[in-house]
Amino acid sequence: MFNFSTSDLELEDNLNYQIEEAREEWQEARKYFNSVSDPDLIDHAIYLLEAAESRYSYLVKRKKEHTNS
């Protein structure tokens, strides 16, 4: 039988919520990147896309570490 403390369950729920939020942000950044054609906005779109991907990857890594502990 599993013995999860309330704080462990809260942390996991919070991570799940943040991961979903980050995934949606990443999808929006991809849509934005695919829609820009102005050269002045391309760098901005790349920055947003890379930042969103990094945040998503970080949160998934944190969840895996939490799950394995």
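As a starting point, this report considers the structure included with it. (Residues numbered from 1 in each chain as written. Predicted model: local features only at pLDDT ≥ 70, side-chain atom pairs only at ≥ 80, totals over all residues. Heavy atoms only, no water.)

The full count for this structure, using the stated rule, is 1 aromatic pair. When the ring of W26 is compared with that of Y56, the centres are 5.2 Å apart and the planes differ by 40°; the resulting orientation is tilted. Residue W26 is found in helix α1 (residues 6–35), and its partner Y56 is found in helix α2 (residues 39–68); the two are separated by 30 residues along the sequence. Under the relative-accessibility criterion, W26 is labelled buried at 18%. The class for Y56 is partly exposed, based on a relative accessible area of 21%. Above the face of the W26 ring, R30 is positioned so that its terminal group lies 4.8 Å from the ring centre. (Phe/Tyr/Trp six-rings, centres within 6.5 Å; stacked < 30°, edge-to-face > 60°. Helix = DSSP H or I, 4+ residues; strand = E, 2+ residues; numbered from the N terminus. Buried < 20%, exposed > 50% of the residue type's maximum accessible area, 1.4 Å probe, protein only. Lys NZ or Arg CZ within 6 Å of the ring centre and 35° of its normal.)

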